[in-house]
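# Structural overview
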Amino acid sequence: MAAAAASIRERQTVALKRMLNFNVPHVKNSTGEPVWKVLIYDRFGQDIISPLLSVKELRDMGITLHLLLHSDRDPIPDVPAVYFVMPTEENIDRMCQDLRNQLYESYYLNFISAISRSKLEDIANAALAASAVTQVAKVFDQYLNFITLEDDMFVLCNQNKELVSYRAINRPDITDTEMETVMDTIVDSLFCFFVTLGAVPIIRCSRGTAAEMVAVKLDKKLRENLRDARNSLFTGDTLGAGQFSFQRPLLVLVDRNIDLATPLHHTWTYQALVHDVLDFHLNRVNLEESSGVENSPAGARPKRKNKKSYDLTPVDKFWQKHKGSPFPEVAESVQQELESYRAQEDEVKRLKSIMGLEGEDEGAISMLSDNTAKLTSAVSSLPELLEKKRLIDLHTNVATAVLEHIKTRKLDVYFEYEEKIMSKTTLDKSLLDIISDPDAGTPEDKMRLFLIYYISTQQAPSEADLEQYKKALTDAGCNLNPLQYIKQWKAFTKMASAPANYGNTTTKPMGLLSRVMNTGSQFVMEGVKNLVLKQQNLPVTRILDNLMEMKSNPETDDYRYFDPKMLRGNDSSVPRNKNPFQEAIVFVVGGGNYIEYQNLVDYIKGKQGKHILYGCSELFNATQFIKQLSQLGQK
């Protein structure tokens, strides 16, 4: 983001710090100790805080203990407690119980999303009954019901995400009331997002989709809030500070159904690969490290696998720089970092040994005056070097784990082949061969490949061909349920529109990696293709480009247009404003992925002074998506 613009990540972090500081703006260098306090959150609160604030940062804010609301908590009668929870029945019952049991000195109640009048009265009654009215210091609606993962990426929720999942929205047997609930949940989070951003967007969405329902509801909710001038959340102080003080952002609401191939696609960039093949969520990756049976007596049980988890955060410079790079490039960079670290490490050792030689060697002493300065700098850079070492180890482990998957499952072959299918290039070997090849990938990889082929072809395969594919897939151990669903989906969308076009791109294999092939390298990349990506726009990026740059295109010309600031809500697809937008938020109703996020990031790099945020109702990888499709196909 530009220097002037505060990213959504910063804004949400500032809001959290203000809350932890008893809702008074947090001043950095105020003298004296912070006030020590306890933080009580529910799972929702935990998910919002954990990607943004580390335990150390919490401690700096005076948080000595952070506990889950529904855990057994001992009374700490002389300490204030800050609560950060959703306003649900059970949470409020438990808070009332805390008041009755007089657990803390004072209570600062913060609700992630707005609390209803009746629930507030419940708390007031409990406080009266427990004669704890004076202890309830503040009750705040925080409007923070969304999770920020990157400076320019957010997701609605992690707990109960099945409530707003692709499956939930696309279930054939969903009732109107259930659909309303799903939509209200999504809108509530989006509303919180715009309150935190401090901006009222102009909304565009496709017609006849879940995205349209979200747009209508969000427009209504923003409109009602703006109209209630006294209590409007978009006034004075918040707006001036916003990054959007001059121009309003564009919110493009897209439905997942416009592109089902991308979430199934095998990928080639670092962050998306980590998400695809490892256990990676809310910026934390969990790895199993197999410690073999080394030097143990014969017949001993193999040691159990150690679970390690690493946080991949914006503070990690290597991650920030390379999360969007093609994987071979990442492997090469880790190797370079390692080499430069080793050189520095030797330098420190050398300097130290020189210093220890005092008095024995004329030469050493004559060099002393020159070297003291060098040594002090070496010692002062030691913590920095150790941090560098930690990051190198982390990425060596993560990249090695990813490489294992690429090699055992031939993911480079899948990636290249799918890119060809999606860009309608001629295919060099038949799909059937890959599906039948026992060495290529897991049954799920084969299913993903076939679904992409099925979604992307203009001409659906004939019944006979389809039977042959099905047999091959079944022989390979695939579950055919996802295909059942995609078949219905395709028949249905065929009536609605032509298949999405993925641009014509080719991946150029650059010959196998030269540098990484050195014997000294950590990564044995033999046999893995070094594929280089050409920038191509995925459907979501293309839609954004049309709407942001005000280009006329049949794909987006009939998108509805909402402006919550206009007095009369008029339904039209005629934009009032003819200028291209500088800021845009793309939100995918029905789930998003890191492939699209990366594609948008790459797209906006070429646009001077423009910013994009990517949001989605949930973040899934292909495995999770296939599972949802499979459940839909069982009907």
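Definitions and limits used
- Residues numbered from 1 in each chain as written.
- Predicted model: local features only at pLDDT ≥ 70, side-chain atom pairs only at ≥ 80, totals over all residues.
- Heavy atoms only, no water.
- UniProt positions renumbered as here; feature names shortened; annotations may be inferred.
- Helix = DSSP H or I, 4+ residues; strand = E, 2+ residues; numbered from the N terminus.
- Contact = heavy atoms within 4.5 Å.
- Areas by Shrake-Rupley, 256 points an atom, 1.4 Å probe, with all protein chains shown as cover.
- pLDDT = per-residue confidence, 0-100.
- Pairing = 2+ DSSP bridges.
- Axes fitted to C-alpha atoms, helices over the stretch in contact; angles between N-to-C directions.
- Parallel < 35°, antiparallel > 145°, perpendicular 65-115°, else oblique.
- Patch = residues over 30% accessible without salt bridge, like charges linked within 9 Å, V, L, I, M, F, W, Y side chains within 5 Å.
- Salt bridge = Lys/Arg side-chain N within 4 Å of Asp/Glu carboxyl O.
- Lys, Arg positive; Asp, Glu negative; His and termini not counted.
- Charge placed at Lys NZ, Arg CZ, Asp CG, Glu CD.
- Buried < 20%, exposed > 50% of the residue type's maximum accessible area, 1.4 Å probe, protein only.
- Phe/Tyr/Trp six-rings, centres within 6.5 Å; stacked < 30°, edge-to-face > 60°.

- As recorded in an unreviewed UniProt entry, the chain goes by the name Sec1 family domain-containing protein 1, listed as coming from Propithecus coquereli.
- Regarding the chain, the relevant UniProt record gives this comment under Function (unreviewed entry): "Plays a role in SNARE-pin assembly and Golgi-to-ER retrograde transport via its interaction with COG4. Involved in vesicular transport between the endoplasmic reticulum and the Golgi."

### Description of the overall build of the chain
- Helices and strands together make up the secondary structure of the chain, namely 23 helices and 17 strands.
- Once local pairs closer than 6 in sequence are excluded, the contacts in the chain between residues at least 24 apart make up 78%.
- With an accessible surface of roughly 29,700 Å², the chain has 53% of that area assigned to carbon and sulfur atoms.

### Quick notes on the confidence of the model for the chain
- With 80% of its residues at a pLDDT of 70 or more, the chain has an overall mean of 83.
- With pLDDT under 50 throughout, residues 237-245 is counted as low confidence; its partners more than four residues away or in other chains account for 19 contacts.
- In this model residues 508-520 is a low-confidence stretch, pLDDT under 50, and it forms 28 contacts with partners more than four residues away in sequence or in other chains.

### Examining the sheet that holds strand S11 (residues 284-289)
- The antiparallel open sheet is built from 3 strands, whose spatial order is S10-S11-S12. Both edges of this open sheet fall to strand S10 (279-281) and strand S12 (306-311), since each of them pairs with a single strand only. Taking the axes of each pair of neighbouring strands and ignoring which way they run, one obtains an average angle of 20° across the sheet.
- As paired strands, S10 and S11 are joined by 3 bridges and run antiparallel to one another. Counterpart to Asp279 in the pairing with S11 is Asn286.

### A word on the sheet that holds strand S16 (residues 583-589)
- Here 7 strands make up an open sheet; going across it, the order is S6-S7-S17-S16-S9-S8-S15 and the pairing mixed. The sheet terminates laterally at strand S6 (147-150) and strand S15 (560-562), the two strands that pair on one side only. Across the sheet, the mean angle from the axis of one strand to that of its neighbour is 20°, orientation sign disregarded.
- Pairing of strand S7 (residues 153-155) with strand S17 (residues 611-616), which is carried by 3 bridges, proceeds in the parallel orientation. The residue of S17 that forms the bridge with Met153 is Tyr614.
- Where helix H7 (residues 176-197) meets the sheet, it contacts S7, strand S9 (250-255), S16 and S17, and its direction lies at approximately 165° from that of S16.
- Contacts between helix H21 (residues 539-548) and the sheet are confined to strand S8 (202-205), S9, S16 and S17, with S9 contributing the most and set at about 145° to the helix.

### Structural notes on the packing of helix H16 (residues 411-422) against helix H18 (residues 443-456)
- Two elements in contact, H16 and H18, have axes whose closest approach is 9 Å; the angle formed by their N-to-C orientations is 10°. In this view, H16 runs roughly parallel relative to H18, as classed from their interaxial angle. For the pair formed by H16 and H18, the contact residues are Leu411, Tyr414, Tyr417, Glu418, Ile421 and Met422 on the first element and Asp445, Lys446, Leu449, Ile452, Tyr453 and Ser456 on the second.

### What to know about a negative patch on the surface
- There is a patch of like negative charges on the surface, built from Glu89, Glu90, Asp93 and Asp122.
- Examining the composition of the negative patch, we find that 3 residues originate from one element, helix H4 (residues 89-100), more than from any other.
- Tracing the chain through its elements places Glu90 in helix H4.

### Let's talk about the environment of Ser116
- Considering the arrangement of structural elements, one finds Ser116 in the loop between strand S4 (104-111) and helix H5 (117-129).
- With a relative accessible area of 33%, Ser116 lands in the partly exposed category.
- With 29 residues separating them along the chain, Ser116 and Pro87 place their C-alpha atoms 8.0 Å apart.

### So, the pattern of salt bridges
- Taken as a whole and assessed by the stated rule, the structure comprises 29 salt bridges.
- Note that Glu178 is salt-bridged to Arg171, the shortest N-O span being 3.0 Å.
- By sharing partners, the salt bridges in this structure join Asp276, Arg409, Asp445 and Arg448 into a single network.

### Observations concerning the packing of aromatic side chains
- Following the criterion strictly, the structure yields 24 aromatic pairs and no others.
- With a centroid separation of 6.4 Å and an interplanar angle of 55°, the aromatic rings of Tyr270 and Phe327 are classed as tilted. Here Tyr270, found in helix H10 (residues 270-277), pairs with Phe327, found in helix H12 (residues 327-355); they are 57 residues apart in sequence, far enough to count as distant. Here Tyr270 matches Phe327 in class, with each residue buried.

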